[in-house]
Structures are given as C-alpha cells and as structure tokens.
Amino acid sequence: MNNATDQTRHQDRVWSVAEHLDDVLSKIGPLDPIELQLLDAQGCVLVEDITVPVALPPFDNSSMDGYAVRAADVADATESAPAVLTVIGDVAAGSGELPGTGPGQAVRIMTGAPVPPGADAVVPVEWTDGGTGQGPAATMRAHSAAPQDAGGEVRVHRPAAAGAHIRARGSDVTEGEPALRAGTVLGPSQIGLLAAIGRGTVRVHPRPRVVVLSTGSELVQPGEALGPGQIHDSNSFQLTAAARDAGAIAYRVGAVADDAETLRSTLEDQLIRADILVTSGGVSVGAYDVVKETLAALSAEEGTVEFRRLAMQPGKPQGFGLIGPDRIPLLALPGNPVSSYVSFELFVRPAIRALMGLPEVHRPTTPAKCTEAVASSPKGKRQFLRGSYDAEAGTVTPVGGAGSHLIKAMAHANALIIVPEDTTEVPAGAEVDIVLLG
C-alpha cells in the first residue's frame, strides 16, 4: 500500500475523545524545574523533598499575654488569697535579653515572646490584677502609658500548672523532620510553612506560558464598533481566562485575519514565549480555514500538526502537533465559542496541568440525575451538553440547546453533561455523568 493511500485512510479516521486526549498527553511532560521565589511558586508543584532545618517554634514562647512565673509560686493562689509576686521586667516578642525568674518573681510577657529562664508557666493577665492592686484585669495597660507596670507587684488569682500557656520548642515540627514532599502543590499554607522554616526560594515545575490567539477576518475587539458581517472576538478572551484558571501564565494575542502568511508569522513570533500554543477557528473544511492551511503546510523542520475528526459534539474538528525548533505543543480548536470552550476543557486544560506536573490533570466527574429529558443525541458521538448542577440535590439541568454558538448558555453552566456515544436519548430522571467546571 502506497503512502498516499495510507494518508487518505489516516485522514478518514474518526478519533474518539479518549484517543485524541491520550495522544496529546503522551507527547507532553512536566516542564523542567526552576528555582522560584516563594510567592512566584504558588500553585506550582514541588520537585524536591523539604526537611525542617530548625525546630518550630525555635524556642519556648508564650501563647498568652500575661506573666511568666514559677508554677510552684502560684500553686495555692485563689481570688481570696492571691499569690503576690514581684515583677522584675517585661519580655516582648523579639526580645533577646531575658531576665532570670527566681522564687517569688514574675516577668510580664507578651504573646510569642520567649519564656525567660527560671519560669515554667505563664499566667494570663485575666487571672491577675495586672499590677494595678485592684480586681481582675481585662487587659494590660500600654507600656508607653504605664511604664511602672513593668515593675511593682502583681497579684495572681489562679494557679497555673508547669507548662501552662507555653508553646514548647519543636512542638510544631522538630529539626530534620520532613516538611513537604516532592509532588506537593504549593498553596497558601504550604507557602507559609516554607517561609516559617526560612526558605526564600523553592524548586518547582513552573507554570506554563500559554499563548492564545483566535483567527477570523470577521473578528473585532470588544469595545470597537461592529461593521457589516463582523462579530466581537470572544474566544481569545474566554480561552485566556480558562488558561489562567487552569494555573497557566496566559498571553492573549489579538485576532488574526484569514491570511496564511500573517498567521504563520504571528505563530513564529509567539514561539519564543510559549510553552503551549492554542488557536481557535480555521480548522474545519472551508475555503478560508487558514489555520488548517497554514499548519498542514509546515515543513519537517518546522514540526507537524495533524487535523482530525473526533466522535464528539460539539468540537468535531481538532488539530494537534508540535511546532518550532523546540517542538512546542499546539492545539488548534474549532471557532464556535462553545466548541472552543468545551475542547479547551477536554484537551487543553489537561495538557496545561500535565506541563505543570500536577498529579491530577482532569476535571472531576460525578453522577447526577438529569432533571429534563435529552430528546436526541447523535449516535456514535459523545455529546457534551451544558448543565446547571445542584450539588445539594444531586441533579443537573440542561442549559440552552445543543448549538455550538450559544455562548450565553455556557456562561450559565457549571457542568458538562456527558451523553455517551451509544446513547441517543436520555429520559428525565435518568442518571448521567457530568464534568464539574467550577
């Protein structure tokens, strides 16, 4: 069999959703690790095990505003017979020099301040008279307003056991203990832990740079007046927002006219800042489908983009390949807004998350009862209908029709209803699988 026959057969093939996605993911791996500042690493995947270099907390410190005391000195304290202690100074958070606490002495101490030597308990200020010689105190007086409270006497009305209100050194984590494992996705709490143990930078898979462009001579930027036959470019905005939502650093390129040379030069210009390229429009069988025309004409040195028919609705025409000297992944999506967005969710989002090295690249799916009947679904195609999911009731309601141009319905959906290839209708109340979009 000659090459021409092979190619014709290949072009006639209809791919399943799973086959196309598997092919995309098989050619994409995590980006090479880099060292990033902590806040720049948020949302990224850690590539190294982190151990604790110093115990947390690094010293015994007070968990309350009050007085550092010897537990033995306040063991018998009551409101009618308070323990009277001599206050020998203050210890604030960050204090370096600490007064030793002897029998019958107390040190006024603030939350987070190191416990002075000799003290083995902290009495909250509410258990004392605050040094005023009166009844129980509600708070400490400011040092600037009452400096005398750092001396004098304090009456303690309740006993405190040894260790009371003291956060012991290493009570959070001990030196040498694992802090975070490679593969951890760095969220706010993980960033906070890294900062607490003194890490200023961390080694991660970076967020991929995604370049999004839409094609079509009919496209006009939002905010500009429409002429005859023109529409506003929504795809590039929708897809750029979706890429950012997936965790990427996304760049939106203005709409490119239906001109093969302009598209080719635009793609070449964008390769330098792209880890993945996403186009919308121009992938069907029309005479002006320049994405297909341009990318199908790439030389072997420039890469290969294959255009496919998928057994799905919406989103039958798809393109995928690796282009440029660095073989940057390019996913060419259909131009209708719903087709474009559904294709992004099914194929581009997993690709972005694979580049990030995330352990889970797919949106979660869940079963739900479909509140309305789906009268017809094309046999042999997997249909993805927009739906409004009620998590509490466990139901999903179709939103809008099946048309791939109905972008308003997409804006009111939080799920995609999956109708399998061998199902041609869904009765009301039937259980369906849905892809959660939020």
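As the structure is a prediction and not an experimental result, all values here were calculated from the model.

*Asks:* Let's hear about the overall build of the chain: which residues, and what values?
*Replies:* Of the regular secondary structure elements, the chain holds eight helices and 27 strands. Since a compact globule built from 438 residues should have a radius of gyration of about 22 Å, the 33 Å found for the chain marks it as more spread out than a globular shape. Each principal axis of the C-alpha atoms in the chain carries an extent, and together these give about 100 × 55 × 50 Å. Counting across all 438 residues of the chain, residues that qualify as buried make up 45%. Counting only contacts in the chain whose residues sit at least 6 apart along the sequence, the fraction spanning at least 24 positions is 71%. Surface summary for the chain: the accessible area is close to 20,500 Å², and the carbon and sulfur share equals 51%. Charge-centre separation for the chain: the mean point of 33 positive side chains lies 4 Å from the mean point of 51 negative side chains.

*Asks:* So what's going on with unusual backbone geometry? Which residues, and what values?
*Replies:* The linkage connecting Leu 56 with the following residue, Pro 57, adopts the cis geometry, with an omega of -10 degrees. Here Pro 57 shows up in the loop between strand E4 (50-51) and strand E5 (61-62). Geometrically, the link from Gln 313 to Pro 314 is a cis peptide bond, its omega value of -5 degrees lying close to zero. Following the sequence through the fold, Pro 314 ends up in the loop between strand E20 (312-313) and strand E21 (317-323). Residues other than glycine seldom take positive phi values, yet His 165 does so here, at roughly 60 degrees. In this fold, His 165 is placed in the loop between strand E10 (153-156) and strand E11 (166-167). A relative accessible area of 24% places His 165 in the partly exposed class. Unusually for a residue other than glycine, Arg 327 sits at a positive phi of about 50 degrees. With respect to the helices, strands and loops of the structure, Arg 327 is situated in the loop between E21 and strand E22 (328-333). Accessibility expressed as a relative area gives 33% for Arg 327, which makes it partly exposed.

*Asks:* A description of the packing of helix H2 (residues 17-26) against helix H7 (residues 337-355) should follow, citing residues and the corresponding values.
*Replies:* At a minimum axis separation of 10 Å, H2 and H7 run at an interaxial angle of 25 degrees. The pairing of H2 with H7 is recorded here as roughly parallel in orientation. At the point where H2 passes H7, the crossing takes the right-handed sense. The segment H2 lies against H7, with Val 17, His 20, Leu 21, Val 24 and Leu 25 engaging Leu 346, Phe 347, Pro 350, Ala 351 and Ala 354. For the contact of H2 with H7, the class distribution of residues is nine nonpolar, one polar and no charged.

*Asks:* Quick one: what's the story with the packing of aromatic side chains, residue by residue and with numbers?
*Replies:* Counted by the stated rule, this structure contains zero aromatic pairs. Taking NZ or CZ as reference, Arg 252 lies 4.1 Å from the ring centre of Phe 237, over its face.

*Asks:* Go over the side chain of Ser 340 with me, naming the residues and quoting the values.
*Replies:* Summarising the element assignment, Ser 340 is placed in helix H7. Excluding residues that lie within four positions of it along the chain, Ser 340 makes contacts with Asn 235, Leu 239, Ser 280, Leu 333 and Pro 334.

Parameters and conventions
- Residues numbered from 1 in each chain as written.
- Predicted model: local features only at pLDDT ≥ 70, side-chain atom pairs only at ≥ 80, totals over all residues.
- Heavy atoms only, no water.
- Helix = DSSP H or I, 4+ residues; strand = E, 2+ residues; numbered from the N terminus.
- Rg over C-alpha atoms; globule rule 2.2 N^0.38 Å.
- Buried < 20%, exposed > 50% of the residue type's maximum accessible area, 1.4 Å probe, protein only.
- Contact = heavy atoms within 4.5 Å.
- Areas by Shrake-Rupley, 256 points an atom, 1.4 Å probe, with all protein chains shown as cover.
- Lys, Arg positive; Asp, Glu negative; His and termini not counted.
- Charge placed at Lys NZ, Arg CZ, Asp CG, Glu CD.
- Axes fitted to C-alpha atoms, helices over the stretch in contact; angles between N-to-C directions.
- Parallel < 35°, antiparallel > 145°, perpendicular 65-115°, else oblique.
- Left-handed = near helix turned anticlockwise from the far one by under 90°.
- Nonpolar A, V, L, I, M, F, W, Y, C, P; charged D, E, K, R; others polar.
- Phe/Tyr/Trp six-rings, centres within 6.5 Å; stacked < 30°, edge-to-face > 60°.
- Lys NZ or Arg CZ within 6 Å of the ring centre and 35° of its normal.

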